[in-house]
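Listed below are the residues making up each chain.
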Amino acid sequence: MSREPRSLPAEHYLKAGWDLKSWLLTTDHKRIGLLYLVSITLMFAIGSLYAGIVRFNLLVPDGSQMSAEAYNKAFTGHGVVMVFFFLIPSIPATLGNFLIPLMIGAKDLAFPRINLLSWYIYLVGAALTMWALLTGGLETGWTFYTPYSTVFAESNVELAAIGIFVAGFSSILTGLNFIVTIHKMRAPGLSWFRLPLFVWAHYATSIIQVLGTPVIAITILLVALERIFHFGFFDPNRGGDPILFQHLFWFYSHPAVYIMILPSMGVISEIVTCFSRKRIFGYSFIAMSSLAIAAIGFLVWAHHLFVSGMAVYAAMVFSALSFLVAVPSAIKTFNWTATLYRGSVKWDTPMIYVFCFIGLFLIGGLTGLFLASLGVDVHLTDTYFVVAHFHYIMVGGAIMGYLGGLHFWWPKITGRQYVEAWGKVSSLLVFVGFNLTFFPQFVLGYLGMPRRYHAYPEEFQILNVLSTAGATILGFGYLFPFSYLTHSVFRGEPAGDNPWGAKGLEWTTQSPPTTHNFDEVPVVTEEPYDYASPPKEAARV
Amino acid sequence: MSPAFPLAPERASSVAGEVDALFLFILGVTGLVALGIWIALFYFAIRYRRRSDDERPAEIHGSLALELAWTVIPFLLMIAMFAWGAKLFFHLHRPPDDAMSVSVVGKRWMWKLQHPTGQREINELHVPVGRAVKLVLTSEDAIHSFFVPAFRIKKDAVPGRYNIAWFRATKTGSFHLFCAEYCGTQHSRMIGRVVVMEPEEYQVWLAGGRAPESPVLAGEKLFSELNCITCHRPDDAGRGPVLDGIFGRPVRLAGGERVLADAAYVRESILSPAARVTAGYQPVMPTYQGQVNEEQLIALIAYIESLQVQSAGAPAGRASPSPAKGARSR
């Protein structure tokens, strides 16, 4: 494979066809990954616009910027779009789709056509939900709490619910595809404990997707049925139980947080070892902690219900389990940090996103302990403290990991390199903007400002203005990567096959890879992250 | 009054200081952990930065001792946070026996409150300082949540259920009351205040306005107006069970199982009488769904609870939510 580093390979998956049909009917996991990338980027833009509306309204305490109805629809739109149509598919459907076969030395996923089907299902779900949001809107909050959503809400609840129901199948199919692929299609020599941690993380994520998603699908369908046919599942006036909904909803939606964060943790594990040029510290502990998070994550859901009137001893059990789920996350964080010790640390954009991730995920995770602690949760739950906490996890954690991963594998995906200086500037902007947006919200929550308030007492204004200023910076921070990454697709320097000198099978093939990934089936003979020896393909200097 | 840029909410209840102490404990521990990791991260990242492109650092696979240390130490710290938090929660869960009971009904978008003496208020709650106040919460429509940041208490008002919360105000003044569970358009206007007064002022406040009717009296009136009295008679000649003394005691059902006759059960028996019928009786009672509102239900429950004072039985079980406990002693 000797070729001029200043040009892309003669043949690769992007050249397999330029017409629309070659994209819309493709079964190539790499192309489907890109289809997802475009779709979720669009959804991210829509979700961000909603966030902008929310932050604009909160500049003033009296809610005079817009009507309460408009505000309620904006925060609901933000939550629904970001959770169900951006965060949940984000890393698995794009990077996971693109990389898992490459990382395990396979030609494609186990079920290429089901992979394409899952993208179409996602599109249908997204279209139905967007239709609901744009024609009349939705004002239930993304949590759809009953009996508000089933009896009192006067918006497009049924349509949105059906959209989310449909999108759930996309998630289930992707998870199923990954599980079978990881079990059955690993290259010779690639035993379980030689798998990249990115693959382990996706394996754990897929288990949650397959086991958890059916529960939210059924629950959200029950909401639609109660609205349409007036069944009494959740409405107490028809013999239903509104709290039952919360149990069912969080049985999925809490593990769903791990669907968002586990893949991001996988990305961090790959980058931190590459840019420290050192084997990852405690490989098996990181791998097993992913599985532990997936397992314990299913047993903590009722910590969302501590003030709902649940039995006091049940609350104690869920509190204890919620503390327990923090342990594996702590193990990962310690191991990533220890990986840097006596390493050779390079401060490139992907690594800067790792620093952002560790710093912010740490705050997100540790503030979770305040909420797991029963006596403190009573005061903090349903306030901005919770809003700040989960944004540190989902934005500070999941999105930082996503951006880091996108920059890390961008040369592999496109064959071209972005301008490093732009990457550094924008990561700094994202970091500053993020903290300015969400740190004040911890204080707001502790002071007692409830969530989902269209208007608020005047003493909360200063902190809200700070938060909106931060959101503005954050918005610009996101526009940068969008622009320079897009630019690099057309004008970027050819990157070479392995610009970072990284280990892992995906770096042993050309960039961009051919449609069938590898010219011959790779045979794995070394341990993962064997950075003590130079990579087989010399990096382009 | 309060500084322009406060970092902690006012402390105005007996538990506020305890909640803040635990908050600061967790803040201290997690702050130290976070600081330690940030310092290590940046120290390593700078100290071991790549100086030449040929660097190949020596391998380190891991360390079992370190793994155990950073698994066990956080775990022990978390046990402390858990135990302290659970103890506090348990304390918040059990109102003192002498608490004065206020019924709270959430309705989109207002709080309707009633004192044991019958005074009604909307979006305002006047209470005496130093006295334990028990809140019995329910809702007429969606789920709401009664949140007073200065007291560090919050409890959902759930339709069809009676939830209990309590506080003992330690400071006179006016404090925010928020609805903390999203309930629709005017959710952020479902706010009010808790006014904490000196006990004498509170008595003056209570005496103001027209003479109110206590929930027990109102319930007694309803009991005859709705003709409950024709079947539920004090002797056992009626078509329905005798209600004297049943409140807070187990009742045997037609199916053989037992159920505690608490507020929730009485409520269910009024709204869906056929759901759980007492053993030995026919399911002949009509539903009163739609004929009584939440406040009338609370009055009826208060009246039925008061009936047991006349019987020589033991006092009601403490676990039973009673909308009008304070009224019983009158």
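Quick caveat: nothing in here was measured; it's all calculated off a predicted structure.

Overview of the overall build of chain A
Counting secondary structure elements, chain A contains 16 helices and 2 strands. Against the compact-globule benchmark of 24 Å for 541 residues, chain A has a radius of gyration of 23 Å, which places it among compact chains. With respect to the three principal axes, the spread of C-alpha positions in chain A is 70 × 45 × 45 Å. Out of the 541 residues belonging to chain A, those deemed buried represent 63%. Sequence separation of 24 or more characterises 86% of the internal contacts of chain A that already satisfy a separation of 6 or more.

Some remarks on helix 5 (residues 112-134) of chain A
All names here are of chain A. Its 23 residues give helix 5 an end-to-end C-alpha distance of 33 Å, which sits within 8% of 33 Å, the value for a rise of 1.5 Å per residue. Of the residues making up helix 5, those classed as buried are Asn 115, Ser 118, Trp 119, Ile 121, Tyr 122, Gly 125, Ala 126, Leu 128, Thr 129, Met 130, Ala 132 and Leu 133. In this structure, the buried residues of helix 5 make contact with helix 2 (29-57), helix 3 (68-87), helix 4 (90-103) and helix 7 (157-184). Just past helix 5, the residue Gly 136 takes up positive phi, approximately 100°.

As for the sheet that holds strand 2 (residues 110-114) of chain B
Residue and element names in this part refer to chain B. Ordered in space as 3-2-1-5-8, the 5 strands form an open sheet in which the pairing is mixed. The sheet terminates laterally at strand 3 (120-122) and strand 8 (163-168), the two strands that pair on one side only. Direction aside, neighbouring strands of the sheet carry axes that sit 25° apart on average. As paired strands, strand 5 (residues 132-139) and strand 8 are joined by 6 bridges and run antiparallel to one another. From the neighbouring strand, Val 133 faces strand 8, where its bridge partner is Phe 167. Along the sheet face, helix 7 (residues 294-306) touches strand 1 (100-107), strand 2 and strand 5 and points at about 155° away from the line of strand 1.

Concerning the sheet that holds strand 10 (residues 192-197) of chain B
Residue and element names in this part refer to chain B. Strand order in the open sheet formed by 5 strands is 4-10-9-6-7, with mixed pairing between adjacent strands. Every other strand in the sheet has two partners, leaving strand 4 (124-128) and strand 7 (153-157) as the edge strands with one partner each. On average, each strand axis in the sheet is inclined to that of its neighbour by 20°, with strand direction left out of account. Contacting strand 4 and strand 10, helix 3 (residues 199-207) runs over the sheet at an angle of about 130° to strand 4.

Some remarks on the domain arrangement of chain B
Along its sequence, chain B is organised into domain 1 (7-43 + 63-212) and domain 2 (215-328). Each of domain 1 of chain B and domain 2 of chain B has a C-alpha centre, and the two are 31 Å apart.

Here we look at the interface of chain B and chain A
Interface size is often expressed as the accessible area that is lost when the parts come together. Opposite the 75 residues of chain B that make contact, chain A presents 75 residues. By residue number, the principal contributor to the side of chain B that touches chain A is helix 2 (residues 64-93) of chain B, which donates 16 residues. Split into classes, the residues belonging to the side of chain B that touches chain A amount to 44 nonpolar, 17 polar and 14 charged.

Rules and cut-offs
- Residues numbered from 1 in each chain as written.
- Chains lettered and ligands numbered in written order.
- Predicted model: local features only at pLDDT ≥ 70, side-chain atom pairs only at ≥ 80, totals over all residues.
- Helix = DSSP H or I, 4+ residues; strand = E, 2+ residues; numbered from the N terminus.
- Rg over C-alpha atoms; globule rule 2.2 N^0.38 Å.
- Buried ≥ 20, exposed ≤ 12 C-beta atoms within 10 Å, placed from the backbone.
- Contact = placed C-beta atoms within 7 Å.
- Expected span 1.5 Å × (residues − 1).
- Pairing = 2+ DSSP bridges.
- Axes fitted to C-alpha atoms, helices over the stretch in contact; angles between N-to-C directions.
- Domains from an automatic or database assignment.
- Nonpolar A, V, L, I, M, F, W, Y, C, P; charged D, E, K, R; others polar.

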